[in-house]
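Chain and residue survey
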Amino acid sequence: MATDRTRRRALFAGAALSVVIVVLYSTGGVFSGLRSAANTVVNPFSWSVNEVARPIGHFFAGAVNYGDVVAQNQKLRYELGEAELKSNEEWSFERQLEQISTRLDVPFVGSLPTVAAQVTTLSPTNFAATIDIDRGRNQGILEGMPVVANGGLIGSVLSTTPNGATVRLISDTSSIIGVTFGKGTTDLLLSGRGVNNGLSATSIPLSTSLSPGTLLATDGLEGGLFPAGLPVARVSKVTLTPGAATYNLTLEPTADLRHISYVDVVLWEPST
Amino acid sequence: MRRTIVPATILTLLIVAIQLEILSSLRFAGVVVMLVWLWPVAMGLAGYTGLAMWVALVGGVLFDTHATTPFGLTAIVAMIFAYGASLLGREGVGDLDSAAIWVTPSLATIAGFFAPLVYTFGGVFVFNFELWRGSLGAMMLVNAVAFFVLARPVTRLARTVGSVGERVRR
């Protein structure tokens, strides 16, 4: 009997606390304080686990993947050479584009300052695609700023602390990006499909000429969340439903979202 | 329970740290194994209702403060499964010694399979309708397999922690 009472009491206490938690969540300020308090509590444990686990992890990863590391190094050297060549070729085009953009008063990413940051942690959950970086408000990073890495847009700053920030990746299910392609006459909205699933665009009019391989870049429309010209994704599959007046796109992000170590935060604020 | 709450809390902090520092990077098929859910389930299967609810709450809340998902949802899901597991644990269903060897892992597998689903549905109650768009199937399968593998050692650990108070009483 007493056991039943204890059990019921525990259940009711749990339910009451759950309600309190949800209420706290809806009041942003309290949540922010709670978050820093929780970080303070967990940090010593995280640090200890990290200090113990990292060398062991590196040892095994190095021992098991040595061949892969060498192959990857060779591939990266080759890609670096290619990129340098391409960079030299594109320099003149970039200058032209910058001049045109300035004349049209459209922000161009090539002319915007950036802050380099290192990725500290990946999203701890399956339900959100985020990363934490080691630069924050003290380095001029603000919420909403675009983040690029690995050759394309990877996301935008979701929240900041004095020396850190959380970046929502473009693959997050709540991420929506306005993009354009070709001559920039058509605008599309891309949405994230979750941590492992990349991006998609639905209900594209049949009049839009898109084929696999087409590069999509941010449209930079007034009031948009990103400046113009940031490469976002390439079309990997065009799906036409029989009888439908629209088609759907499966897209591969231009940046490799699975292996992000360093990022550049573009110091550009979305207009309100 | 009062005597066991300190070691259980410290161990929960350690488990949250392992979850954040190791398991968030060590993904299987791109999926994070949710040790913060398995720990309270194991504590429940060991028969400690109050302790299971406590570690579910502490672990869940601390984990949620590090994620951008709805705050408190991980804790609530953990508490639901901890309570369910403790009902079975109290009856000795998940007992490591008397029950068949596959019982505890099987019960944990059920929890691991359904926890991401309950979490996704829970998102609706905090007005987050985007959670279902992730790889829900993969999450359910990977967590079910991981819970099956880890159930016995984690339940043994839970039983050790829970029995601290009993030993002191004796």
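1. Concerning the overall build of chain B
In terms of regular secondary structure, chain B is built from six helices and zero strands. Taken over the C-alpha trace, chain B has a radius of gyration of 15 Å; the compact-globule value for 170 residues is 15 Å, and the two agree within 12%. By principal-axis analysis of the C-alpha atoms, chain B measures approximately 50 × 30 × 30 Å. Counting every position in chain B, which comprises 170 residues, the buried fraction comes to 59%. Of all intrachain contacts in chain B linking residues separated by at least 6 positions in sequence, the fraction that spans at least 24 positions is 72%. Approximately 6,800 Å² of chain B is accessible, and the part contributed by carbon and sulfur atoms is 72%.

2. Quick notes on the overall build of chain A
Of the regular secondary structure elements, chain A holds three helices and twelve strands. Buried positions account for 35% of the 272 residues belonging to chain A. Long-range pairs, those at least 24 residues apart, make up 56% of the contacts in chain A between residues at least 6 apart in sequence. Accessible surface computed for chain A: about 15,800 Å², of which carbon and sulfur atoms make up 57%.

3. Focus: the interface of chain B and chain A
The partner chain A presents 41 residues to the 51 residues of chain B that form the contact. With both sides pooled, the region where chain B packs onto chain A buries about 4,100 Å², and carbon together with sulfur makes up 69% of that total. At the junction of chain B and chain A, the tally comes to zero salt bridges. Taken together, the connections running from chain B to chain A amount to two residue pairs in polar contact (both at pLDDT 80 or more). For the side of chain B that touches chain A, the secondary-structure elements that each account for two or more residues are α1 (2-23), α3 (49-64), α4 (73-90), α5 (103-125) and α6 (136-169) of chain B. Among the elements that take part in the side of chain B that touches chain A, α1(B) stands out by supplying ten residues, more than any other. Partitioned by chemical class, the residues of the side of chain B that touches chain A number 31 nonpolar, 15 polar and five charged.

4. Quick notes on the sheet that holds strand β1 (residues 114-122) of chain A
Residue and element names in this part refer to chain A. Judged by pairing direction, the barrel is antiparallel, and its six strands sit side by side in the order β1-β2-β5-β4-β3-β12 before closing back on the first. Along the sheet, successive strands turn relative to each other by an average axial angle of 45°, direction set aside. As judged from the four bridges shared by strand β3 (residues 146-149) and strand β4 (residues 152-161), these two strands associate in the antiparallel manner. Bridge assignment links proline 146 to a residue of β4, and that residue is serine 156.

5. With respect to the pattern of salt bridges
Residues and elements named next belong to chain A. Counted according to the given criterion, the structure contains two salt bridges over all chains. Among the salt bridges present, the one from aspartate 134 reaches arginine 135, with a minimum N-O distance of 3.6 Å. We note a salt bridge from arginine 168 to aspartate 172, for which the minimum N-O separation is 3.8 Å. Judged by relative accessible area, aspartate 172 falls into the buried class, the value being 5%.

6. Details of the packing of aromatic side chains
In the structure shown here, the tally under the stated rule is three aromatic pairs over all chains. On the numbers, 5.7 Å between centres and 55° between planes, the contact of B:Trp37 with B:Tyr119 is tilted. Of this pair, B:Trp37 sits in helix α2 (residues 35-45) while B:Tyr119 sits in helix α5, and the two are 82 residues apart along the sequence. Both residues of the pair, B:Trp37 and B:Tyr119, belong to the buried class. Ring pairs connect the aromatic residues A:Phe127, B:Trp37 and B:Tyr119, which therefore count as one cluster.

7. Some details on the confidence of the model for chain B
Mean pLDDT over chain B works out to 87, with 94% of the residues at or above the 70 mark. In the predicted assembly, ipTM is 0.71 and pTM is 0.71.

8. Some details on α5(B)
Residue and element names in this part refer to chain B. End to end, α5 covers 33 Å across 23 residues, agreeing with the expected 33 Å (1.5 Å per residue, within 8%). Most pronounced at phenylalanine 114, the bend in α5 amounts to some 30°, and the proline proline 116 follows within four residues. Two residues or fewer past α5, phenylalanine 127 is found with a positive phi of approximately 60°.

9. Some thoughts on the sheet that holds strand β6 (residues 176-180) of chain A
All names here are of chain A. Reading around the circumference, β6-β7-β8-β11-β10-β9 is the order of the six strands in this closed barrel, with antiparallel pairing throughout. Between one strand axis and the next, the sheet turns by 40° as a mean value, whatever way the strands run. Both strand β8 (residues 199-205) and strand β11 (residues 246-253) contribute to a ladder of five bridges, which runs antiparallel. Note that in β11 the partner of serine 200 across the bridge is threonine 250.

10. Examining the nonpolar core
Counting residues in hydrophobic clusters, the biggest one holds 62 residues, and the most contacted among them are B:Trp37, B:Trp39, B:Met43, B:Leu62 and B:Tyr119. Elements supplying a minimum of two residues to this core: α2 (28-64) of chain A together with α1, α2, α3, α4, α5 and α6 of chain B. It is α3(B) that contributes the most residues to this core, ten residues altogether. With residues near it in sequence (within four places) discarded, B:Trp39 still touches B:Ala8, B:Leu11, B:Thr12, B:Ile15, B:Val55, B:Val154, B:Leu157, B:Ala158 and B:Val161. With 44 residues, the next largest nonpolar core counts A:Ala129, A:Leu169, A:Phe226 and A:Val263 among its residues.

What counts and how
Each chain has its residues counted from 1, following the order in which its sequence is written. To label them, take the chains in the order written and letter them from A, then take the ligands in the order written and number them from 1. Since the coordinates come from a predicted model, pLDDT governs what is reported: local features require at least 70, and pairs of side-chain atoms require 80 or more to be given and counted, while whole-chain, interface and lining totals use all residues. Here the side-chain values reflect all heavy atoms present in the structure, with hydrogen atoms and water set aside. A run of H or I in DSSP becomes a helix once it reaches four residues, and a run of E becomes a strand once it reaches two; helices and strands are each numbered from the N terminus. Atoms considered for the radius of gyration are the C-alpha atoms alone. The globule rule reads 2.2 Å times the number of residues to the power 0.38. Think of it in three bands: residues with accessible area under 20% of the maximum for their type are buried, residues over 50% are exposed, and the middle band is partly exposed, with areas taken using a 1.4 Å probe on protein chains only. Residues count as neighbours in contact if any of their non-hydrogen atoms are within 4.5 Å of one another. Method for areas: the Shrake-Rupley scheme with a 1.4 Å probe, in which residue coverage is limited to the protein chains shown. Summed over both partners, the accessible area (1.4 Å probe) lost when two parts come together is defined as the buried area. Within this document, salt bridges are pairs made up of a side-chain nitrogen of Lys or Arg and a carboxyl oxygen of Asp or Glu, the two lying within 4 Å of each other. Any pair of N or O atoms that falls within 3.5 Å is considered a polar contact. Within protein, one atom must be able to donate a hydrogen and the other to accept it, and sequence-neighbouring residues count only if both atoms are side-chain atoms. In this count, Pro and Cys sit with the nonpolar residues alongside Ala, Val, Leu, Ile, Met, Phe, Trp and Tyr, while Asp, Glu, Lys and Arg are called charged and the others, Gly among them, polar. At least two DSSP bridges between two strands are required for those strands to pair. Between the N-to-C directions of two axes lies an angle of 0 to 180 degrees, each axis being a line fitted to C-alpha atoms and, for a helix, fitted only over the stretch in contact. Note on aromatic contacts: the rings of Phe and Tyr and the six-membered ring of Trp form a pair at centre separations within 6.5 Å, being stacked when their planes are under 30 degrees apart, edge-to-face when over 60 apart, and tilted otherwise. As a per-residue measure, pLDDT tells how confident the predictor is, with possible values from 0 to 100. To estimate how far a helix should reach, multiply one less than its number of residues by 1.5 Å. At every residue, the bend is computed as the angle between two fitted axes, covering the seven residues ending there and the seven beginning there respectively. Only buried Ala, Val, Leu, Ile, Met, Phe, Trp, Tyr and Cys residues count toward a nonpolar core, and they belong to the same one when joined by side-chain atoms within 4.5 Å.

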